[in-house]
Structure formats: structure tokens, C-alpha cells
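One letter stands for each residue in the lines below.
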Amino acid sequence: MRGVLKKLKKPAKRILDPADWGSFRSLEPKSRHYGIDRGTALDRHYIESFLEDHAGDVRGIVLEVASDAYARRFGGERIERTEVVSIVAGPGVTIVGDLTYATTLPRNHFDCIILTQTLCFIYDAKAALQSCHAALKPGGVLLLTVPGICQISSFDDGLTGDYWRFTAASTQRLLAEVFAKVEVRSYGNVLAAVAYLHGIAKEELTREELDHNDREYQLIIAARAVK
């Protein structure tokens, strides 16, 4: 960034190719609901691609947040039992509690924990990761996704607080302080990032546009961490 700013101190050049904003020149997004009201939320493409790549880890006793939909979808017959944790009681919830408290989850109990798009709503993210580590059996796997470029979630901000946005580097460092074996990757590109911020649905981009990866525009960061 400092190198870029140094270059920008030179006299500005006339813009030879001005941007064609079209319908995007607006102070309002196309959707304030991540595109769910238009189709499939674009970030789900990356989250589900990551889980599909690591479906073999979804086995035995699996913990997921709010719902066991991903555990059932990607674990299939490898699942022995699912548990669902949430800060509020609800249908399917088997554990009510805050992940930042070590007593919320049983120790050395789970073969896999699926923690998607949750850590950003937990102020003490490291404490939550320590709880997950303690709850996993030796050799157990945490499958984690966190947002990079993303709007604020008004609902979650009002419920628990919306605190963090991550990079691959910060995710790697945070997990490495808790887990011995960590693999991190990022997903996204400038087109996907702009589309996501505007609430454009997954179906409105091509597979090629979605799958192009540019580490300078990290929309979703995903990690596999082993206890």
C-alpha cells in the first residue's frame, strides 16, 4: 500500500477509459439480503465448494452452528450423530451456549466441527477457537469459513454484534495460535466482490467468473485445522 501511495503522489493523469457504471452507479445495493431474495447468496458458492473438497472430514460425531444442514449434506452415511450449537434455543438445537465459554462444548467429543460464517460475530474469536479445539477428539478437524469483503449483517449485529472481517493471513495466524496443523485458502475476485456487495445472486455470474481467484480480493477465507 505504501508503494502504491508513493506512485500516486505524481500528477494525476487524465482518465482515458472512464468506468461505465450502468445501473451500479447507485447508493443503494441491488439487494440488502446478500442476494437471497434474488437467488442463491454468492458466498455460498465458495463455502460449499470448500466443504465439498473436504467432505471426507465430515464424519462421526459432527458439530455445526444453528443447523446441521451442511453436516448432513456433506457427511451423508459417514455421520454417526450431529449436534447443533446456538446461543438461542430453537428447532434442532442440541447445545445452547456461547462458544467463547470453554464449558459450552463437551471436551474431546467431536470428530468434525463445521464453523461457517460465525467467527465474525464473536468478539473473542480466539476463545471460540480454543473451545472448538478442546471439543475435538485428537485428529478431529475444524472446517472454518470467515468473510473477507462483506457488508455488515444488521440482524446479527443487533443480536450478538458483527465484529470482524478477515484475510488469509489473519486467519492463518489466528488458527496457528491454537491448532498445530492449519491449511488456509481464499476465494474471490474483484467482480465477485463487487457483485456480492451489491447483493447480486450466484446465478447471475458464470462459473468461470465465480471461480477466478485473485488473492487481492478475498471474499471468503476457508481453513482446515486439525487437532
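Whatever comes next refers back to the structure up there.
The present account deals with the structure reproduced in this document. Predicted model only: the values in this text are computed from it and were never measured. (Residues numbered from 1 in each chain as written. Predicted model: local features only at pLDDT ≥ 70, side-chain atom pairs only at ≥ 80, totals over all residues. Heavy atoms only, no water.)

1. Looking at the sheet that holds strand E3 (residues 95-96)
Overall, mixed pairing links the seven strands, which are arranged E3-E2-E1-E4-E5-E7-E6 in an open sheet. Every interior strand has two partners, whereas the edge strands, E3 and strand E6 (181-187), have only one. As paired strands, strand E5 (residues 136-147) and strand E7 (residues 220-226) are joined by seven bridges and run antiparallel to one another. Across the sheet, residue Val 141 finds its bridge partner in E7, namely Val 226. On top of the sheet, helix H2 (residues 43-53) reaches strand E4 (110-116), E5, E6 and E7; it is set at about 20° to E7, its chief contact. Contacting E4 and E5, helix H4 (residues 125-135) runs over the sheet at an angle of about 150° to E5. (Pairing = 2+ DSSP bridges. Helix = DSSP H or I, 4+ residues; strand = E, 2+ residues; numbered from the N terminus. Contact = heavy atoms within 4.5 Å. Axes fitted to C-alpha atoms, helices over the stretch in contact; angles between N-to-C directions.)

2. Quick notes on H4
For H4, a buried count of eight out of 11 residues is recorded, marking the element as mostly surrounded by other parts of the structure. Those residues of H4 not exposed but buried are Ala 125, Ala 127, Ala 128, Leu 129, Ser 131, Cys 132, Ala 134 and Ala 135. Buried residues belonging to H4 abut E4, E5 and helix H6 (168-176). (Buried < 20%, exposed > 50% of the residue type's maximum accessible area, 1.4 Å probe, protein only.)

3. Some remarks on the pairing of E7
The element E7 is largely enclosed, with a buried count of seven among its seven residues. Burial along E7 is two-sided: the face carrying Ile 220, Ala 222, Arg 224 and Val 226 and the face carrying Ile 221, Ala 223 and Ala 225 are both buried. The pairing of E6 with E7 spans seven bridges and is antiparallel. Looking at the pairing, Val 184 lines up with Ala 223 of E7.

4. Examining the environment of Pro 106
Note on placement: Pro 106 falls in the loop between E3 and E4. The exposure class assigned to Pro 106 is partly exposed, which follows from its relative accessible area of 33%. In this structure, the C-alpha to C-alpha distance between Pro 106 and Ile 200, residues 94 residues apart in sequence, is 40 Å. Not counting residues up to four positions away in its chain, the partners in contact with Pro 106 are Ile 95, Ala 134 and Ala 135.

5. So, unusual backbone geometry
Located in the positive-phi region is Tyr 34, a residue other than glycine, with phi close to 60°. Structurally, Tyr 34 can be placed in the loop between helix H1 (2-8) and H2. With a relative accessible area of 18%, Tyr 34 lands in the buried category. With a phi close to 50°, Asn 108 is a non-glycine residue in the positive phi region. Relative to the elements of secondary structure, Asn 108 occurs in the loop between E3 and E4.

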